[in-house]
Amino acid sequence: MKSIILWGVLTVSLLLILVILFRRRIGFKWISTFGIHLVLAALGIYVVNYSGLVGEVSIPINPATIGTVTVLGLPGVALLYGIKITLF
């Protein structure tokens, strides 16, 4: 029963988002730009982790770290690296 309610809420939310997108003619340019930033953020973290430039410190690839790098760019990678060194 819970899964039916959750799927219903998800479907209604998706339909409302699509209505807003098409009614306001925002377009999908911002979605593709955001997707490119997400991919580049994950790629940046991956390169830092596996290139050996930063030593034995590894930044996990999860939604929080990718979101940080998406918003802040490459300085976000440096921020995550600094947090990883100081806290762990």
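Refer to the preceding data block for the structure.
The structure displayed is predicted, hence computed values, not measured ones.

J.: How do you make sense of the overall build of the protein chain when you look at a structure like this?
T.: Scanning the protein chain from terminus to terminus reveals four helices and zero strands. Counted from the first residue to the last, the protein chain has its helices and strands arranged as α-α-α-α. Radius of gyration (C-alpha) of the protein chain: 18 Å, far over the 12 Å computed for a compact globule of 88 residues. When the backbone C-alpha atoms are referred to their principal axes, the protein chain occupies close to 50 × 35 × 20 Å.

J.: Is there a simple way to explain the packing of aromatic side chains in this structure?
T.: Geometrically, a pair of aromatic rings is defined through the distance of the ring centres and the angle of the planes. A complete count under the given rule lists one aromatic pair for this structure. Aromatic side chains Y46 and Y50 sit 4.7 Å apart centroid to centroid with 50° between the ring planes, which places their arrangement in the tilted category. Of this pair, Y46 and Y50 both sit in helix α2 (residues 29-51), four residues apart, which is roughly one turn of the helix.

J.: I keep staring at the packing of helix α3 (residues 63-72) against helix α4 (residues 74-87) and nothing clicks. Help me out?
T.: The axes of two packed helices give the description: the angle between them and the distance between them. Where α3 meets α4, the closest approach of the two axes is 6 Å, and the angle between their N-to-C directions is 135°. Between α3 and α4, the crossing angle belongs to the class labelled oblique. Across from T65, T68, V69 and L72 in α3, the residues of α4 making contact are L74, P75, G76, V77, L79 and L80.

So, how was this worked out
- Residues numbered from 1 in each chain as written.
- Predicted model: local features only at pLDDT ≥ 70, side-chain atom pairs only at ≥ 80, totals over all residues.
- Heavy atoms only, no water.
- Helix = DSSP H or I, 4+ residues; strand = E, 2+ residues; numbered from the N terminus.
- Rg over C-alpha atoms; globule rule 2.2 N^0.38 Å.
- Phe/Tyr/Trp six-rings, centres within 6.5 Å; stacked < 30°, edge-to-face > 60°.
- Axes fitted to C-alpha atoms, helices over the stretch in contact; angles between N-to-C directions.
- Parallel < 35°, antiparallel > 145°, perpendicular 65-115°, else oblique.
- Contact = heavy atoms within 4.5 Å.

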